[in-house]
Amino acid sequence: MKKTNYDCVIVGGGMVGISFALMLARQCVNMRVLLLESKPDLSAQQNEECIFDARTTALSFKSALILEDIDVWNLLRKQSAEIASIHVSTLGQFGVTRINSSDIPVEALGYVVENHTMRAIFAEKLAQSNISSRFSSKIAKVELHERALELVLEDGGSAISTQLLIIADGAASETAQQVGIHALVRDHQQSAIVANLTLEKEHRDAAYERFIRGGSIALLPMSPYLGKPRASLVWIQSNDETKMMMRADDASFLVRLQDQFGYRAGLFSAVGVRRNYALASTEAEEQARRRVVLLGNAAHSLHPIAGQGFNLALRDAECLSSCIREALDKGLDYSSMEVLGKYLDSRWLDQQKVIGFTKFLPQLFATDSYPVGIGRNLALLLMESSQPFRRAFARFGMGL
Ligand SMILES: Cc1cc2nc3c(=O)[nH]c(=O)nc-3n(C[C@H](O)[C@H](O)[C@H](O)COP(=O)(O)OP(=O)(O)OC[C@H]3O[C@@H](n4cnc5c(N)ncnc54)[C@H](O)[C@@H]3O)c2cc1C
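Computed from a predicted model, the values in this text were never measured in an experiment.

What counts and how
Positions within a chain are numbered from 1, following the residues in the order the chain's sequence is written. Reporting of local features is limited, given that this is a predicted model, to residues whose pLDDT is at least 70; pairs of side-chain atoms are given and counted only at 80 or more, and all residues count toward the totals for whole chains, interfaces and linings. With hydrogens and water excluded, all non-hydrogen atoms of the structure serve as input to the side-chain values. Throughout, near means a residue has at least one heavy atom within 4 Å of the molecule or strand. Definition of a polar contact: a pair of N or O atoms within 3.5 Å, with one able to donate and the other able to accept a hydrogen when the atoms are protein atoms, and with sequence-neighbouring residues admitted only if both atoms are side-chain atoms. Method for areas: the Shrake-Rupley scheme with a 1.4 Å probe, in which residue coverage is limited to the protein chains shown. For salt bridges, the criterion is a side-chain nitrogen of Lys or Arg within 4 Å of an Asp or Glu carboxyl oxygen. The helix and strand labels rest on DSSP assignments: H or I over at least four residues marks a helix, E over at least two residues marks a strand, and numbering proceeds from the N terminus. Three labels apply to residues, based on accessible area from a 1.4 Å probe with only protein chains included: buried if under 20% of the type maximum, exposed if over 50%, partly exposed otherwise in between. To estimate the expected span of a helix, subtract one from its residue number and multiply by 1.5 Å. The reported bend at a residue is simply the angle between two axes, fitted to the 7 residues ending at it and to the 7 residues beginning with it. When DSSP finds two or more bridges between two strands, those strands count as paired. For every element, the axis is a line fit to its C-alpha atoms; helices are fit only across the contacting stretch, and the angle between N-to-C directions ranges from 0 to 180 degrees. Only heavy atoms matter for contacts: two residues are in contact if any of them lie within 4.5 Å across the pair. In these notes the angle categories are as follows: under 35 degrees is roughly parallel, over 145 is roughly antiparallel, 65 to 115 is roughly perpendicular, and the rest is oblique. By definition, turning the near helix anticlockwise from the far helix through less than a right angle yields a left-handed crossing, and turning it clockwise yields a right-handed one. Only Asp, Glu, Lys and Arg are considered charged, only Ala, Val, Leu, Ile, Met, Phe, Trp, Tyr, Cys and Pro nonpolar, and every remaining residue, Gly among them, polar. Residues belong to one nonpolar core when they are buried, are Ala, Val, Leu, Ile, Met, Phe, Trp, Tyr or Cys, and are joined through side-chain atoms within 4.5 Å. Ring geometry is summarised as follows: Phe, Tyr and Trp rings, the Trp one being its six-membered ring, pair when their centres sit within 6.5 Å, and such pairs are stacked at plane angles under 30 degrees, edge-to-face over 60 and tilted between the two. By definition, disulfides here are pairs of cysteine sulfur atoms that lie within 2.5 Å.

1. Thoughts on the site of the ligand
1) Next: The ligand sits among 29 residues. The nearest are E37, R55, A58, N297 and F310.
2) Next: Note that an oxygen atom of the ligand is positioned 2.8 Å from one of the backbone N or O atoms of A58.
3) Next: In this structure, an oxygen atom belonging to the ligand sits 2.9 Å away from a main-chain N or O atom of N297.
4) Next: Contact with the protein chains removes 86% of the 1000 Å² of surface that the ligand exposes when unbound.

Structure below.
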């Protein structure tokens, strides 16, 4: 059987897999890289439904810098909305905090992009790069040999040999399981409803995080559509409440949402197609071993409360591509644990902070305990009155 050789194979062409492929294309120009994606190439699908009902991602300031390095930011920036301020509040409580870009000061605290836009731009860049890609393709078998990894694909047996396998095929990664890496899964017993809203008044680039009983409501500013201001909604509640709100008609949905969120963003006049996601976080037991690295949701998928999953994964990917580049420059084996261990060490602290924060925050706001409630309100008030505190918090969210 004819075997094709690659220096690196990336499994999973989601946002993380493609970003990492583009980083390698930029930093390690002579590397032969293959991207494998199980779905057919979806980049051409830009239908009407996407324009109004796509999922959005809040990109941190640091992510924008990383995306600039791979030459996609100038295109994305034009189709993104800025986050100039973040308003944090709790339903029925007195504590409120507002963080402004002028607190840092920066042009914007972050940016909101529609996932379908980001995927389309990434796919276009990928097509222009020297990365090979195969769609509708999966690995059937992985074998570790002394000098390389041998992969057999599900397409009837194409064989591939590679020095390094990057697993970026999402949470509950099938490929990680094939190499014997398992994940710890935590079911949050919550779900998120994601939808786009039309607002009656301009959002003025404001984002909102509102904690409610047993969940939260995040509203992110979006670019207008047909002249109407839009916002992206992520409404996290218990699974039962989510089911109820998924069944409700649009009018009842908006009434309940307005009741929980209040009127600080004005009236919600329409809601697009609602989608719901059951929330679980996962952490792989190992993120790297000789010749294998897990990235993105395959390594760690987070509770979306703080919108940090993709941002954290981009920082991981940037660090890994730099470690590989440095190893190549020094003539080292980039798939060795000497190199990959350095990558893990460099990423440990940031990962621990972000993963810890996204675990702690839902718990902190889920409890009905009176003393904890008072503590939460005081913390929000302290942040509101202290610029250094706000700045430190904002810098953390910005990935700096
Ligand atoms: C409601 C919600 C809101 C969020 N908001 C934000 C936010 O504002 N900011 C932020 O930073 N993060 C956010 N996140 C997190 C973010 O969406 C994820 O971190 C990100 O999508 C992870 O991307 P990924 O490429 O690792 O995984 P995925 O998006 O799951 O991509 C995996 C890819 O691998 C492919 N695949 C699967 N199995 C195989 C296989 N066996 N072989 C080949 N290919 C395979 C899949 O088809 C897919 O294309 C949010 C998440 C949710 C649920």
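Text resumes after the structure shown.
2. Thoughts on the pattern of salt bridges
1) Next: Applying the stated criterion to the full structure yields 22 salt bridges.
2) Next: One salt bridge connects E150 with K3, and the closest N-O pair in it is separated by 3.1 Å. Note that E150 is positioned in strand β10 (residues 149–153) and K3 in strand β1 (residues 3–11), a separation of 147 residues in sequence.
3) Next: We note a salt bridge from R134 to D155, for which the minimum N-O separation is 3.5 Å. With R134 in strand β8 (residues 132–134) and D155 in the loop between β10 and β11 (159–167), this residue pair connects regions lying 21 residues apart in the sequence.
4) Next: Exposure remark for D155: the relative accessible area of 44% places this residue in the partly exposed category.
5) Next: Connected through shared salt-bridge partners, R315, D316, R347 and D350 make up one network.

3. Focus on helix α10 (residues 337–366)
Each α-helix winds once per 3.6 residues, and so residues spaced three or four apart point in a common direction.
1) Next: The terminal C-alpha atoms of α10, which comprises 30 residues, lie 41 Å apart, in line with the 44 Å expected from a rise of 1.5 Å per residue.
2) Next: Its axis deflected by about 45 degrees at W348, α10 carries its strongest bend there.

4. So, the sheet that holds strand β7 (residues 110–114)
1) Next: Taken together, the three strands give an open sheet; going across it, the order is β3-β7-β4, and neighbouring strands pair in antiparallel fashion. Whereas interior strands pair on both sides, the edge strands pair on one side only; in this sheet they are β3 (56–60) and β4 (81–83). Averaged over neighbouring strand pairs, the angle between their axes works out to 30 degrees when direction is ignored.
2) Next: In the sheet, β3 pairs with β7 via five bridges, with the strands oriented antiparallel. Counted as the bridge partner of L59 is Y111 from β7.
3) Next: Here helix α5 (residues 115–128) sits on the sheet in contact with β3 and β7, set at roughly 85 degrees to β7.

5. Observations regarding the packing of helix α1 (residues 15–27) against helix α9 (residues 309–330)
1) Next: Relative to each other, α1 and α9 sit at 30 degrees, their axes nearing to 9 Å. Between α1 and α9, the angle is such that the two are roughly parallel. The element α1 and its partner α9 pack so that their crossing is right-handed. Touching M15, V16, S19, F20, M23, L24 and Q27 of α1 are F310, A313, L314, A317, E318, L320, S321, S322, I324 and R325, all from α9.
2) Next: When the residues that make up the contact of α1 with α9 are grouped by side-chain class, the tally is eleven nonpolar, four polar and two charged.

6. So, the nonpolar core
1) Next: Core analysis: the largest hydrophobic core is formed by 50 residues, its most contacted members being F20 and F122.
2) Next: Setting aside its immediate chain neighbours within four residues, F20 contacts I10, I166, L295, A317, L320, S321 and I324.

7. Examining α9
1) Next: Along its 22 residues, α9 runs 32 Å from first to last C-alpha, staying within 8% of the 32 Å computed at 1.5 Å per residue.
2) Next: Just downstream of α9, G331 is the residue with a positive phi angle, here 70 degrees.

8. What about the side chain of R347?
1) Next: Residue position: R347 is located in helix α10.
2) Next: Other than its neighbours up to four places away in sequence, R347 contacts L312, R315, D316 and C319.

9. Considerations on the packing of helix α3 (residues 61–69) against α9
1) Next: At a minimum axis distance of 10 Å, the contact between α3 and α9 shows a crossing angle of 45 degrees. Looking at the two axes, α3 sits oblique to α9. As α3 runs across α9, the sense of the crossing is left-handed. When α3 is examined against α9, the residues K62, S63, I66, L67 and D69 are found in contact with a partner set consisting of N311, L314, R315 and E318.
2) Next: The residue makeup of the contact of α3 with α9, split by class, is three nonpolar, two polar and four charged.

10. Points about the packing of aromatic side chains
1) Next: In this structure the tally under the stated criterion is six aromatic pairs.
2) Next: Centroid distance Y208 to F261: 5.5 Å. Interplanar angle 85 degrees. Geometry classified as edge-to-face. Remark: F261 occurs in helix α8 (residues 250–261) and Y208 occurs in strand β13 (residues 206–212); sequence separation between them is 53 residues.
3) Next: Take Y208: its relative accessible area is 12%, and that puts it in the buried class.

11. Regarding the state of the cysteines
1) Next: Applying the stated criterion across every chain yields a total of zero disulfides.
2) Next: Left without a disulfide partner, C28 is nearest to the cysteine sulfur of C8, which lies 8.8 Å away.
3) Next: Take C28: its relative accessible area is 4%, and that puts it in the buried class.
4) Next: The thiol of C323 is not disulfide-bonded; the next cysteine sulfur, from C319, is found 4.3 Å away.
5) Next: When its relative accessible area of 8% is taken as the criterion, C323 is described as buried.

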